[in-house]
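Fold and contact review
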Amino acid sequence: MFSDRTNWPLTRNRFTLALDELRASGVPLLDLTASNPTQCGFHYDSHVILSAFQNPSALNYDPQPKGTLAARREVARYYLDDHQTTVDPESLFLTTSTSEAYSYAFRLLCNPGDELLLPKPSYPLFEFLAGLQDIRLVPYSLAYAHGWFIDFQSLESAITPRTRAILVVHPNNPTGSYVQPEELTRLNALCKKHNLDLIVDEVFLDFAFDFHSAPRKTFAANSEVLTFTLSGLSKISALPQMKIAWLAVTGPAAQARLALDRLDIIVDTYLSLSAPAQAALPILLAQRHSLRPQLLARIKENLAHLQSQLRFRPAIELLDAEAGWYATLRYSANASAHASDLSSDEALAIHLLRNHHVLLHPGHFYDFPSNNHLVLSLITPTEIFREAVHRLLSLF
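Reference entry: report on the structure contained in this document. (Residues numbered from 1 in each chain as written. Predicted model: local features only at pLDDT ≥ 70, side-chain atom pairs only at ≥ 80, totals over all residues. Heavy atoms only, no water.)

Quick word on the packing of aromatic side chains
Under the criterion given, the structure shown has 14 aromatic pairs. A centroid spacing of 5.4 Å and a plane angle of 85° characterise the contact between Phe15 and Phe365, whose relative ring orientation is edge-to-face. Of this pair, Phe15 sits in helix α1 (residues 14-25) while Phe365 sits in the loop between β13 (361-362) and β14 (373-377); the two residues are 350 residues apart in sequence, bridging distant segments of the chain. For the ring pair Phe204 and Tyr326, a centre distance of 6.3 Å and an interplane angle of 85° mean the geometry is edge-to-face. Of the two residues, Phe204 is situated in the loop between β7 (197-201) and β8 (227-232) and Tyr326 in strand β11 (residues 326-331); the sequence distance between them amounts to 122 residues. Take Phe204: its relative accessible area is 4%, and that puts it in the buried class. Of the aromatic side chains, those joined through ring pairs into one cluster are Phe204, Phe207, Trp325 and Tyr326. Over the face of the ring belonging to Trp325 we find Lys235, whose NZ or CZ atom lies 5.6 Å from the ring centre. (Phe/Tyr/Trp six-rings, centres within 6.5 Å; stacked < 30°, edge-to-face > 60°. Helix = DSSP H or I, 4+ residues; strand = E, 2+ residues; numbered from the N terminus. Buried < 20%, exposed > 50% of the residue type's maximum accessible area, 1.4 Å probe, protein only. Lys NZ or Arg CZ within 6 Å of the ring centre and 35° of its normal.)

Now the structure itself:
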């Protein structure tokens, strides 16, 4: 009755069952998985945001596959103002989400059964996005030694005749690691050697932990190989509900031109982004100037508190990260003082949920290389974050 691509395991796992049980009981939970900024206590200028949708141009239907030129110019201005990078508005495609942008890039580059190389650890959504396009994901490793870095041996060994592109997350979620300049050089060389393209997710690009440093370089400046750079309002302006993202195409001129022409037809087939959203984009994108400082302040405060609480707890370590909305903890085997039978990070997460009413993600959700990692959201409201961390650390 249904396609093989939807043969997902639909049974609920132990963690989900425990969460359903607690929520059904009405017990208040301390949520360290918070990823929705609209529910984390930040101040939004509601009058300005809502007024953005009073633009009379929203009443005019003018279907353009790339999106309106006015909206694309605003995105180009973001790259120029925030990242000192010139992006041609004609190289931009507006989409409803980065997930949709991924689907366009996948359709452009891959036939059924082709392969994309994916970093591990990483966000689990990619498995679904690739599966729906009949594409196979092949992992390559991010290694850790006082910071995360690309294991280029594992990356190159993963390449096969069916590999079409390398997927990069800059900075990675949840490890918070940027691609370093020397890594970019090696990625470009590898792509040239094997005739591959780059697909780069930059949704967390603007959330560096070194709060006073210069902005990190965007892949939208990469012209060495064909590169597809994705971002959007969900993180940049903390407005996930507005459903506006984009795909930037750069690279050698002849290749980029062919990609743009083909993408134009793919996107024209759907024309998914609404006229009101595009008309509102200048005001919505400008909200980053007030929302980003709020998020960075929250991240800084929560991160500092976590560091202070871990200072005298050698059994649990905060892994080095550079950016993003998350922190990763790695704990020693048999380090728990109260639950010696907790053999995995999932078991520990379930114990925390049932016995301490703290919700966090076990590291295996993100394919960490060992089963002793926990992932915490740094945009959680501060009081909740501190109490949840206190309950978590009471186990060690």
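Describing the sheet that holds β13
By definition, the strands of a sheet pair up through backbone hydrogen bonds, in either a parallel or an antiparallel sense. As summarised here, the arrangement of the four strands in space is β10-β11-β14-β13, forming an open sheet in which the pairing is antiparallel. Looking at strand neighbours, the two that pair on one side only are β10 (316-318) and β13, the edges of this open sheet. Bridge count between β11 and β14: five bridges; the pairing is antiparallel. Considered in β14, the bridge of Leu329 is made with Leu374. Lying over the sheet, helix α13 (residues 382-393) contacts β10, β11 and β14, oriented at roughly 165° with respect to β14. (Pairing = 2+ DSSP bridges. Contact = heavy atoms within 4.5 Å. Axes fitted to C-alpha atoms, helices over the stretch in contact; angles between N-to-C directions.)

Focus: the environment of Pro276
The residue Pro276 is located in helix α10 (residues 275-286) in this model. Along the backbone, Pro276 and Leu190 are 86 residues apart, and their C-alpha atoms lie at a distance of 42 Å. Sequence-distant contacts of Pro276, that is, excluding residues within four places in its chain, are made with Phe53 and Ala58.

Side note on the sheet that holds strand β2 (residues 92-95)
Here we have eight strands laid out as an open sheet, ordered β2-β9-β8-β7-β6-β3-β4-β5, and mixed in their pairing. The sheet terminates laterally at β2 and β5 (148-150), the two strands that pair on one side only. Ignoring which end each strand starts from, the neighbouring axes of this sheet average 25° apart. The pairing of β2 with strand β9 (residues 245-250) spans four bridges and is classified as antiparallel. Bridge pairing in β9 places Leu94 opposite Trp246. Sheet strands touched by helix α3 (residues 69-83): β2, β8 and β9. Its angle to β2, the strand with the most contacts, is close to 110°.

Observations concerning the environment of Ala245
Within the element layout of this structure, Ala245 appears in strand β9. Residue class for Ala245 comes out buried when judged on its relative accessible area of 3%. Along the primary structure Ala245 and Ser231 are separated by 14 residues, whereas in three dimensions their C-alpha atoms are 5.7 Å apart.

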